[in-house]
Amino acid sequence: MNIMLFAQTQDMCIFSPASPPAESIHNVSVLVLAITGAIFLIVEVVLGYCLLRFWRSAAGGSAAGGKEPPQVYGSKPIEVAWTAAPALIVFVLVLVTTRTLWEVNVDPPKPRAGDGALFVTVIGHQWWWEYQYEYYNGKKLGFATSNELHVPVDDAQQRRPVYLKLKSADVCHSFWVPRLAGKTDLLPGRTNHTWFRTAEPGVYLGQCAEYCGTQHAKMLIRVIAEPHADFEKWLSNEQRPAVEDAAVQKGKAAFMAQSCINCHTVRYPNSPAQGRFGPDLTHLMSRASLASGILPNTSETLHAWVADPQKHKPGCLMPAFSLNEDDRALMVGYLSTLR
Ligand code: CUA
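Analysis parameters
Residues numbered from 1 in each chain as written. Predicted model: local features only at pLDDT ≥ 70, side-chain atom pairs only at ≥ 80, totals over all residues. Heavy atoms only, no water. Phe/Tyr/Trp six-rings, centres within 6.5 Å; stacked < 30°, edge-to-face > 60°. Helix = DSSP H or I, 4+ residues; strand = E, 2+ residues; numbered from the N terminus. Buried < 20%, exposed > 50% of the residue type's maximum accessible area, 1.4 Å probe, protein only. Lys NZ or Arg CZ within 6 Å of the ring centre and 35° of its normal. Salt bridge = Lys/Arg side-chain N within 4 Å of Asp/Glu carboxyl O. Pairing = 2+ DSSP bridges. Axes fitted to C-alpha atoms, helices over the stretch in contact; angles between N-to-C directions. Contact = heavy atoms within 4.5 Å. Core = buried A, V, L, I, M, F, W, Y, C linked by side-chain atoms within 4.5 Å. Expected span 1.5 Å × (residues − 1). Polar contact = N/O pair within 3.5 Å; in protein donor to acceptor, adjacent residues only side chain to side chain.

Q: Help me out: how do you make sense of the packing of aromatic side chains in this one?
A: Two measures describe an aromatic ring pair: the distance that separates the ring centres and the angle between the ring planes. If you walk through the whole model with that rule in mind, you get nine aromatic pairs. Arranged with centres 5.8 Å apart and planes meeting at 65°, the rings of phenylalanine 143 and tryptophan 234 form a pair that is edge-to-face. Of this pair, phenylalanine 143 sits in strand β3 (residues 139–146) while tryptophan 234 is found in helix α4 (residues 228–239), placing the two residues 91 residues apart along the sequence. For the pair formed by phenylalanine 143 and tryptophan 234, the shared burial category is buried. What links up through ring pairs into an aromatic cluster is the set Tyr133, Tyr136, Phe143, Phe231 and Trp234. In this structure, lysine 183 is placed above the aromatic ring of tryptophan 176, and the distance from its NZ or CZ to the ring centre is 4.5 Å. Across from the ring centre of tyrosine 268, 4.2 Å away, lies the NZ or CZ of lysine 252, which sits over that ring.

Quick look at the structure:
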């Protein structure tokens, strides 16, 4: 199931928008491409015509009969035309760009009961995404997950917009899911906002779009857009504390005894694992991918990842702890139960 969900790919093309901001950006892009494409065509056609018409042949005269074109100096009508036309084109482009900015940059509203809106704070880390779920439908949430952003889709009853607050824990990143919205930077010491809303359930892929260090290319985003009922189910699971499975108590003890807990959280009452530096592992196995979308999330890949993260993501901030095989198997056994 996880493998299938992981393997689900989708185009990241800006020409198939599935959300109002992406639609606005798509429209302005098509208009700009059409205008600049027309200018390009006109210039090339005139250039080609002049090359052929006034070609100087080896025999001396030109292909068109040996005449040079008439030489024009200081023509007022021509000067006015080539000043006014580009100015008009630029003016039109400024107007449509301004309108697009207006549509895309929406100030997030205050959460209120029954608004159907989801509010999430996104924090960019080297090289993964932290999502702090703040409010949904006016209800306070207060849990964190990473890399896979679950959102509800619009339905007949209600629009369900998603408002993201974007911050960075270290360097500049950029949140970009092309079919949902334009790029928005995550900058240290600053808060940015973006939003989207879609009626099409599915997995939307995205990518960090600002060079942020060696593993920038492996900082992938997956947005899982689900019908309201499925989203609610996911939400209530995420809000629960970590699963307690009597069968893996030894694995749990092994995990809690390692320095893993300095960076990772596993949420349950009096949990010693309270680290905030790496992804929250409370519901690790509810995610289809590992290490910011680069590996399918299974017991095998988890084992390989814990054994040597540097092999899969060289330079990442999780070191390879030299655990013995038995301890590692116990720990992965425990982590595999965190659904
Ligand atoms: Cu984060 Cu590039």
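Q: I keep staring at the pattern of salt bridges and nothing clicks. Help me out?
A: Where charged atoms of side chains with opposite charge meet at close range, the side chains can pair. Inspection of the entire model under this criterion finds eight salt bridges. Arginine 160 is the partner of aspartate 155 in a salt bridge, and the nearest nitrogen-oxygen pair spans 3.1 Å. Classification of arginine 160 by relative accessible area gives buried; the value is 4%.

Q: Just checking my understanding: could you explain the sheet that holds β3 for this structure?
A: Two modes of strand pairing occur in sheets, parallel and antiparallel, and in both the strands are linked by backbone hydrogen bonds. Taken in spatial order, the five strands make up an open sheet running β3-β2-β1-β5-β8, and their pairing is mixed. Edge strands, defined here as strands with exactly one partner in the open sheet, are β3 and β8 (192–196). Ignoring which end each strand starts from, the neighbouring axes of this sheet average 20° apart. Across five bridges, the pairing between strand β5 (residues 162–168) and β8 is antiparallel. The residue bridging tyrosine 163 from the neighbouring strand is tryptophan 195, located in β8. Here α4 sits on the sheet and contacts β1 (118–125), β2 (128–136) and β3; the angle it forms with β3, its principal contact strand, is near 80°.

Q: I would appreciate a short explanation of the pairing of strand β6 (residues 173–176) in the present structure.
A: Bridge count between β6 and strand β7 (residues 184–186): three bridges; the pairing is antiparallel. What sits directly across from serine 174, in β7, is aspartate 185. In the sheet, β6 pairs with strand β9 (residues 202–208) via two bridges, with the strands oriented antiparallel. Along β9, the bridge assignment pairs phenylalanine 175 with cysteine 208.

Q: Hey, could you run me through the nonpolar core in this one?
A: Generally speaking, a soluble globular protein has its nonpolar side chains buried in company with each other. One finds Tyr133, Leu149 and Phe175 to be the most contacted residues of the largest nonpolar core, which totals 33 residues. Every element with two or more residues in this core is listed here: β1, β2, β3, β4 (148–152), β5, β9, β10 (220–226) and α4. With four residues, β2 is the largest single contributor of residues to this core. If we ignore the near neighbours within four places in the chain, the residues touching leucine 149 are Val120, Tyr131, Tyr133, Leu164, Phe175, Phe196, Arg222, Val223 and Ile224. The next biggest cluster of nonpolar side chains, apart from the first, holds 27 residues, and it includes Val248, Cys260, Ala273 and Leu290.

Q: I tried to follow helix α3 (residues 76–104) on my own but got confused; where do I start?
A: Helical geometry note: an α-helix holds 3.6 residues per turn, so side chains three or four residues apart project in the same direction. Taking 1.5 Å of rise per residue, 29 residues should cover 42 Å, and α3 covers 42 Å from first to last C-alpha, within 8% of that figure. Buried within α3 are the following residues: Leu93, Val96, Thr100 and Val104. Where α3 is buried, its residues meet α2 (20–53) and β8. Two or three places before isoleucine 78, at the start of α3, stands the capping residue serine 75, its side-chain oxygen 3.4 Å from that residue's backbone nitrogen.

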